[in-house]
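Structural overview for review
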Amino acid sequence: MRYAETGFNLEIDLSRGSIERVESDPELTEHFLGGLGTNAKILWDRVPPEVEPFSPENLLIFSAGLLCGTPAIGCNRTIVSTISPQTKLMAYSMMGGFWAPELKYAGYDKVIFRGKSPDLVYLWIKDDKVEIRDASHLKGKGSNETADLIRQELNEPKAQVASIGMAGENRVFFASIEQGRSSASRLGIGAVMGDKGVKAIAVRGTKDINVAQPAEYLALCNEVLEYIKWRNDNPVPGVMTILQGLGSPQEMKVHDEKWHTENFMWGNSRVRRRDFWNEGVAQKWAETLDTMRTRLISCFNCPMECGATITPPGQPTFMMKCFSKLTYTMAAFSDLDFGLKIAQRATEYGVDGFSTPQVMAFGLELYENGILTDEDMPGMPSDNEGRFYWLLDKIVRREGIGNVLANGTYWAAKEIGKGAQEYAHNNIKKHEQLPLKLSMLNPVYFLMYCTGEKINITQIEGQFPQAPYPKREHREAFVKDWFQVPDEKFKQYFLDWEPRGENSNPYYPTVQMSCDIVDWQERMHYIDDAVGMCAGLSSFPMKPPYHIHNYPKFITSGAGIEMDEEKLTQAAKRYRTLVRAINISRGMRRVDEKPPENHWKKRFPELEEKLLDAYYKFKGWNNDGIPTKETLDELGLDYVSKDFLKRGILTENEDASSDETSAEKEEE
Ligand code: SF4
């Protein structure tokens, strides 16, 4: 008997129109857990580096995490993995909501698409009945509209529908997959779905999921629920409001946006408005939010209510959470009213709420600086907000300049030329980052920005406070009940961290401490992404209910896999290394691992080199960021080391090959 997982995947060949129900290997679950872990193994095995994102041979994998569908609180993530059209590296974007548990209840852990459908289709999964259905009547429809129409035509009001909008159909490189109350947005996975001709996947399941030790498992779930209640009543003092509690930052609950609006950058990630927030703005924005926010909502089996349904006057209702509340507003130098209204249209089009506003602000900056001209922008309105709507429409339809901008700032700048590359200044690995520019280099964030392969800083950080507390007595109070640390040394790291002086950024946390902190933070995110846990209850907030000490018990009693902290750490290291191996085989190298030039004003090249050298060594990677043969073999990834040797990526003495492959070089 399989526990927590169903033991079956759906294999859909879109070119042939075939559907297979395939039993998965339980040994793979033991080694790679599930979700991201087993997705990475499938991509390694079946998508060689020669396969382009829009090739029929690229796979698009929708996976429920290992513990999704069990009573574990907040365990509801769908992990979507493929090769990204924007970075040409592995993409693994997550969505919350309700889709993953529903897939489990229908009897499947993953849906794996290969090939391409000649016509637009959608997949309908109802327990054992699985059909590829015509979706030609849904062409051009919005993502939420599509979900509603599918539920109506199937007469299945409880079906969960993951769908793309026009952006995905037109292969916009930052197209998202929307799913009622969540979305998988980063790295253009919606474009791959559109390229495969899949408009949506609707699923309804009525089966049960078994857990190995129900009494122990439920006791653990109750402990988590109790802790969540306690933490909600006892917020962490001394940090900004959105970091005090659990959940994805509670943006839809808060009215006070002083911190974001005055610290994050406006426009094309350029302008900091230090005195923006005042009583008048506060009152106006509070009124806007109170008028349009119809209800606070949660994902499956979670009490946190991170999202909200928003109903702009005269527009359909949509769901919003987290910082996308402000991304359009700030990119357009506008107000919350505009931000919420345009976000409704953008959600129907199905685009990433982080990248899209930046791409539009980038386009307008090029126009203001004469690099794009009236000829490139025929008919563009003169007002700022009108321009954003105009550009959004052009991008999702890939019309005119929209066709260029639809490839993201990095590729658009290359195509436009005439110095446009200087304006695409906020990328890492060809992908737009948070519009944040700071003063002093932070060694922990430096490492995360450089080496993160999720390509989204908010999905790598967490656990360790972002800044030191001003007084030692506050730090002492903080560490007192910090039982989530994997090792007591982390408490000392924090206790000794000062805002100024010798023990402050950039030289403190020291190089070694920075490696330890980044590794811990990253490990927790990777565990979440395999078991399907929301980062908002585990890896992202400080002092979360899920941590390295109780996760092994969840996996043992839930999935029936004997687990302890060491084995779990090793498993996470295994598939994290496999993700890197996929990207290394696609040309990623040290030269690609750098934050945007202007992310920090004060830079320390020598220290930065040292940090990267030390972190690579710590992870068992060579000086070019390539996992060594020894590391790969020790993790049971000897098939990767053999492949690397065969391809000349590693040589017998484990140095990087003389071949200077890098993502940058390959495209030239
Ligand atoms: S913490 Fe928030 S984002 Fe996470 S599962 Fe719960 S409601 Fe969803």
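Bear in mind the structure is a predicted one, so any value in this text is a computation, not a measurement. (Residues numbered from 1 in each chain as written. Predicted model: local features only at pLDDT ≥ 70, side-chain atom pairs only at ≥ 80, totals over all residues. Heavy atoms only, no water.)

What to know about the overall build of the chain
In plain terms, the rule: Only DSSP runs of H or I reaching four residues or more are called helices, and only runs of E reaching two or more are called strands; each is numbered from the N terminus. C-alpha atoms define the radius of gyration in this analysis, and the globule rule sets the expected value at 2.2 Å times the number of residues to the power 0.38. Think of it in three bands: residues with accessible area under 20% of the maximum for their type are buried, residues over 50% are exposed, and the middle band is partly exposed, with areas taken using a 1.4 Å probe on protein chains only. The contact criterion used is simple: two residues touch if any of their non-hydrogen atoms lie within 4.5 Å. Method for areas: the Shrake-Rupley scheme with a 1.4 Å probe, in which residue coverage is limited to the protein chains shown. In summary, the charge assignment counts Lys and Arg as positive and Asp and Glu as negative, without counting His or the chain termini. Think of each charge as sitting on NZ of Lys, CZ of Arg, CG of Asp or CD of Glu.
What the chain contains, in helices and strands, is 26 helices and 19 strands. Against the globule reference of 26 Å for 668 residues, the chain gives a C-alpha radius of gyration of 24 Å, in line with a compact fold. Judged by the C-alpha coordinates and their principal axes, the chain covers about 65 × 60 × 55 Å. The buried share among the 668 residues of the chain stands at 64%. Relative to all contacts within the chain whose residues are 6 or more apart in sequence, the contacts with residues 24 or more apart total 69%. Put simply, the chain shows about 24,500 Å² of open surface, and 49% of that area lies on carbon and sulfur atoms. Taken together, the 80 basic and 97 acidic charged side chains of the chain have centroids lying 2 Å from each other.

Things to note about the side chain of Arg475
Along the chain, the position of Arg475 falls in helix H18 (residues 472-480). According to the relative accessible area criterion, Arg475 is buried, its value standing at 0%.

A word on the sheet that holds strand S3 (residues 60-64)
Defined as follows: Strand pairing follows a simple DSSP-based rule, namely that at least 2 bridges must link the two strands. Angles here are taken between N-to-C directions and fall from 0 to 180 degrees, while the axes themselves are lines fitted to C-alpha atoms, restricted in helices to the stretch in contact.
Strand order in the open sheet formed by 6 strands is S2-S1-S6-S3-S4-S5, with mixed pairing between adjacent strands. The sheet terminates laterally at strand S2 (18-23) and strand S5 (90-95), the two strands that pair on one side only. Averaged over all pairs of adjacent strands, the angle between their axes in this sheet comes to 15°, without regard to strand direction. Those strands touched by helix H2 (residues 36-46) are strand S1 (8-13), S3, strand S4 (78-83), S5 and strand S6 (110-114), and its axis lies near 25° from that of S6.

Quick notes on a negative patch on the surface
The following threshold applies: The patches described consist of residues with a relative accessible area above 30% and no salt bridge, like charges being joined within 9 Å and nonpolar side chains (Val, Leu, Ile, Met, Phe, Trp, Tyr) within 5 Å. What makes a salt bridge here is a side-chain nitrogen of Lys or Arg within 4 Å of a carboxyl oxygen of Asp or Glu, nothing more.
Among the surface-exposed residues, Glu562, Asp564, Glu565 and Glu566 lie close enough to one another that they form a single negatively charged patch. For Glu565, the position within the fold is in helix H22 (residues 565-585).

Some thoughts on the pattern of salt bridges
All chains considered together, the criterion is met by 53 salt bridges. When the shortest N-O distance is used, the salt bridge between Glu102 and Arg204 registers 2.8 Å. Of this pair, Glu102 sits in helix H3 (residues 99-106) while Arg204 sits in strand S12 (residues 198-204), and the two are 102 residues apart along the sequence. Of the two residues examined, Glu102 and Arg204, each falls in the buried class. Linking Lys543 and Asp481 is a salt bridge whose minimum nitrogen-to-oxygen distance equals 2.7 Å. Highlighted residues: Lys543 in the loop between helix H20 (511-531) and helix H21 (551-559) and Asp481 in the loop between H18 and helix H19 (489-495), separated in sequence by 62 residues. Residue classification places Lys543 among the buried positions, given a relative accessible area of 7%. In this structure, a network of salt bridges that share partners links the residues Lys429, Glu453, Asp519, Glu522, Arg523, Arg576, Arg580, Glu593 and Lys619.

Describing the side chain of Ser514
Considering the arrangement of structural elements, one finds Ser514 in helix H20. Ser514 sits in the buried class, given a relative accessible area of 0%. Beyond its immediate stretch of four places on either side in the chain, Ser514 contacts Pro443, Val444, Leu447, Pro509 and Leu611.

Some details on helix H17 (residues 443-451)
Rules: N or O atoms closer than or at 3.5 Å make up a polar contact, with two conditions inside protein: a donor-capable atom paired with an acceptor-capable one, and, for residues adjacent in sequence, both atoms drawn from side chains.
Across the 9 residues of H17, 9 count as buried, placing the element largely inside the fold. Those residues of H17 that sit buried are Pro443, Val444, Tyr445, Phe446, Leu447, Met448, Tyr449, Cys450 and Thr451. Tucked inside the fold, the buried residues of H17 contact strand S16 (427-428), H20, H22, strand S19 (600-602) and helix H23 (605-619). For H17, the N-terminal capping position is held by Asn442, with its side-chain oxygen 3.0 Å away from the main-chain nitrogen of Val444.

Quick word on the sheet that holds strand S14 (residues 307-310)
What the 3 strands build is an open sheet, ordered S13-S14-S15; its pairing is antiparallel. In this open sheet, the two strands that pair with only one neighbour each are strand S13 (293-297) and strand S15 (318-321). Each adjacent strand pair in this sheet contributes to an overall mean axis angle of 30°, direction not counted. One ladder, built from 4 bridges, connects S14 with S15; its direction is antiparallel. Residue pairing for S15: Gly307 is matched across the bridge by Lys321. Sitting on the sheet, helix H12 (residues 336-349) is in contact with S14 and S15, with an inclination near 115° to S15.

Topic: the nonpolar core
Worth spelling out the cut-off: What we call a nonpolar core is a set of buried Ala, Val, Leu, Ile, Met, Phe, Trp, Tyr and Cys residues that are connected through their side-chain atoms within 4.5 Å. Throughout, the edges of the domains are those of an automatic or database domain assignment.
In this structure, Phe388, Tyr546, Phe554 and Phe644 are the most contacted members of the largest nonpolar core, which totals 174 residues. Looking at this core, the element that brings in the most residues is H20, giving 10 residues. Residues from two domains meet in this core; each of domain 1 (8-204) and domain 2 (360-433) gives at least three. If we skip the residues at most four places from it in the chain, Phe644 touches Trp44, Ala581, Ile584, Ser585, Ile626, Pro627, Leu632, Ile649 and Leu650. Counting residues in hydrophobic clusters, the runner-up holds 30 residues, among them Ile12, Val111, Ile177 and Ile201.

Focus on the site of the ligand
Note the following rule: Whether a residue is near a molecule or strand depends on its heavy atoms: if one lies within 4 Å, it is near. Throughout, the ten residues Ala, Val, Leu, Ile, Met, Phe, Trp, Tyr, Cys and Pro are labelled nonpolar, Asp, Glu, Lys and Arg are labelled charged, and all others, Gly among them, are labelled polar.
Close contacts around the ligand come from Asn76, Arg77, Gly247, Ser248, Ser298, Cys299, Cys302, Met304, Glu305, Cys306, Cys534 and Leu537, and that covers them all. Its residues placed into classes, the shell around the ligand shows 6 nonpolar, 4 polar and 2 charged.

Overview of unusual backbone geometry
With omega at 10°, the peptide bond leading from Asn505 into Pro506 counts as cis. Its location among the elements puts Pro506 in the loop between H19 and H20. Between Tyr508 and the following residue, Pro509, the backbone shows a cis peptide bond with an omega angle of -5°. Tracing the backbone through its elements, the reader meets Pro509 in the loop between H19 and H20. You will see that Arg398, though not glycine, has its phi angle at about 55°, which is positive. As for its placement among the helices and strands, Arg398 is situated in the loop between helix H14 (384-397) and helix H15 (401-405).

Some details on the pairing of S6
A large share of S6 lies buried, amounting to 4 of its 5 residues. In terms of strand pairing, S1 meets S6 through 5 bridges, oriented parallel. Within S6, the residue paired with Asn9 across the bridge is Lys110. For S3 and S6, the ladder comprises 4 bridges, and the chain directions are antiparallel.

All we've got here are geometric facts, nothing functional implied.
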